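What the coordinates show
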Amino acid sequence: MVATPESRASVLGRIADQILHNNPHGRRLVAVEGVTANAASAFADDLAQVLRDRNESVVRRSIGSVDEETLRSEIVDPFRSGTLKGTDNDTLLLVDGERLLNNTVIGVWHYTVWTFQGDQLPHGKANFNVDLSDNEFPRDHYYDLCKLPPTFGERG
């Protein structure tokens with residue numbers, strides 16, 4: 001028996017379930033990064049909408065390529081302190097950009113997603129790796145993390 005492919009909406013729903021199960025309330029930080037910035041950004045937009053449809057307060061930021069200091073000073077610290085525009089004590093901040101899953105900042109996120117396509121490798125530290133080769137029917141990807149070098153996925 002061949003499994004029926006799971007729709008994009010279903011995959012996004014499962015990710016939202018995981019985020020909300022583990023982090024139901026408070027200021028929550030979620031990062032989406034990927035091999036292709038446009039695909040990661042579009043996936044983050046869709047995930048934000050799924051969360052909003054579940055009556056979550058979501059603030060969405062697409063930050064491109066920033067260094068750790070800028071990420072912390074302009075996004076993470078203001079969000080945590082409640083001074084980032086549009087946030088309150090029960091808001092989820094969903095960010096896409098580059099270097100969000102690097103070793104120096106991965107610990108700031110409550111949940112992380114890595115997007116890739118085809119033969120590209122998953123990220124060793126992401127909570128959810130999703131193959132977007134078929135955009136309408138993305139696949140979550142499980143990988144033997146012992147096969148990845150400890151710094152795999154780091155962006156310079």
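Since the structure is predicted, the reported quantities are computational estimates derived from the model, not experimental observations.

1. Looking at the nonpolar core
Formed by 24 residues in total, the largest nonpolar core has its most connected members in I15, F43, L47, L51, L94 and V113. It is helix α2 (residues 37-53) that contributes the most residues to this core, eight residues altogether. For L47, the contacting residues outside a window of four places in its chain are L12, I15, A16, I19, V32 and L94. Judged by nonpolar contacts, the second largest core, of 21 residues, contains V76, F79, L101 and A126.

2. Points about the sheet that holds strand β5 (residues 128-131)
Read across the open sheet, the six strands follow the order β2-β3-β1-β4-β5-β6; overall the sheet is mixed. The open sheet has two edge strands, β2 (57-65) and β6 (139-140), and neither has a second partner. In this structure, strand β1 (residues 28-34) lies alongside strand β4 (residues 111-116), joined through five bridges in parallel fashion. Bridge pairing in β4 links V32 to V113. Across the sheet, helix α1 (residues 8-22) lies against β1, β3 (91-98), β4, β5 and β6, angled at about 175° from β5, the strand it touches most. On the sheet, helix α3 (residues 68-81) packs against β1, β2 and β3 and is oriented at approximately 170° with respect to β3.

3. Re the side chain of D131
Relative to the assigned elements, D131 resides in strand β5. Relative accessible area serves as the criterion here: at 4%, D131 is assigned to the buried category. Engagement of the side chain of D131 in a polar contact is seen with the backbone nitrogen of G118, the distance being 3.3 Å. Each residue touching D131, except ones within four places of it in the same chain, is listed here: F116, Q117, G118, P138 and R139.

4. Looking at the environment of N22
With respect to the helices and strands, N22 occurs in helix α1. The spatial distance from the C-alpha of N22 to the C-alpha of H110 is 8.5 Å, given a sequence separation of 88 residues.

5. What to know about the side chain of D96
Positionally, D96 belongs in strand β3. Given the relative accessible area of 5%, D96 is considered buried. Within polar-contact distance, the side chain of D96 engages the side chain of S62 at 3.0 Å. Residues within four places of D96 in sequence aside, it is in contact with V32, A40, S41, A44, R60, R61, S62, I63 and G64.

6. Examining α2
Residues three or four positions apart in an α-helix share a direction because the helix packs 3.6 residues into each turn. Over its 17 residues, α2 runs 24 Å from end to end, which matches the ideal 24 Å to within 8%, given 1.5 Å per residue. Considered for burial, the residues of α2 that qualify are A39, A40, S41, F43, A44, L47, A48, V50 and L51. Note on α2: the residue one or two positions beyond its end, N55, has a positive phi of about 65°.

Criteria and cut-off values
Residues numbered from 1 in each chain as written. Predicted model: local features only at pLDDT ≥ 70, side-chain atom pairs only at ≥ 80, totals over all residues. Heavy atoms only, no water. Core = buried A, V, L, I, M, F, W, Y, C linked by side-chain atoms within 4.5 Å. Buried < 20%, exposed > 50% of the residue type's maximum accessible area, 1.4 Å probe, protein only. Helix = DSSP H or I, 4+ residues; strand = E, 2+ residues; numbered from the N terminus. Contact = heavy atoms within 4.5 Å. Pairing = 2+ DSSP bridges. Axes fitted to C-alpha atoms, helices over the stretch in contact; angles between N-to-C directions. Polar contact = N/O pair within 3.5 Å; in protein donor to acceptor, adjacent residues only side chain to side chain. Expected span 1.5 Å × (residues − 1).

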